[in-house]
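Chains, contacts and geometry: an overview
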Amino acid sequence: MNATDLLRSLVLDPADLKPAPHRQATAQDAAERLGPEPLPCGTRSTRIIDTTDHDRRWLDRCRDYMLATVSPHGPLILDE
């Protein structure tokens, strides 16, 4: 599944996602992004995705979004 398909499956518009840094993100960047206070929807995970028209964006996922995008047959692999 590529980033476009993932966003489509979650009914997310990449324009609504926060811009991400152009450099390689670290675990520290993700920890700072998630912060001590939960983001909307109880976000538990974040990653950077490359979008076609909106460059690099943070994709924050709550438990429900993670479950919606994980196959019962194994982990979700995103084509980078």
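The following refers to the structure shown. Just so you know, these numbers come straight off a predicted model, no measurement behind them. (Residues numbered from 1 in each chain as written. Predicted model: local features only at pLDDT ≥ 70, side-chain atom pairs only at ≥ 80, totals over all residues. Heavy atoms only, no water.)

The next subject is the overall build of the protein. What the protein contains, in helices and strands, is three helices and two strands. Along the protein, from the amino end to the carboxyl end, the secondary structure elements read α-α-β-β-α. Of all 80 residues assigned to the protein, the portion counted as buried reaches 30%. For the protein, contacts bridging at least 24 residues in sequence account for 55% of all contacts bridging at least 6. Working note: accessible area of the protein is about 5,500 Å², and carbon and sulfur atoms make up 53% of it. (Helix = DSSP H or I, 4+ residues; strand = E, 2+ residues; numbered from the N terminus. Buried < 20%, exposed > 50% of the residue type's maximum accessible area, 1.4 Å probe, protein only. Contact = heavy atoms within 4.5 Å. Areas by Shrake-Rupley, 256 points an atom, 1.4 Å probe, with all protein chains shown as cover.)

A few words on the pairing of strand β1 (residues 45–51). When you tally the buried positions in β1, you get five out of seven residues, the bulk of the element. Pairing geometry for β1 and strand β2 (residues 55–61), over seven bridges, is antiparallel. Of the residues in β2, the one forming a bridge with S45 is R61. Hairpin connection from β1 to β2: three residues lie between these consecutive antiparallel strands. (Pairing = 2+ DSSP bridges.)

So far we have only geometry, and geometry alone does not tell us how the molecule works.
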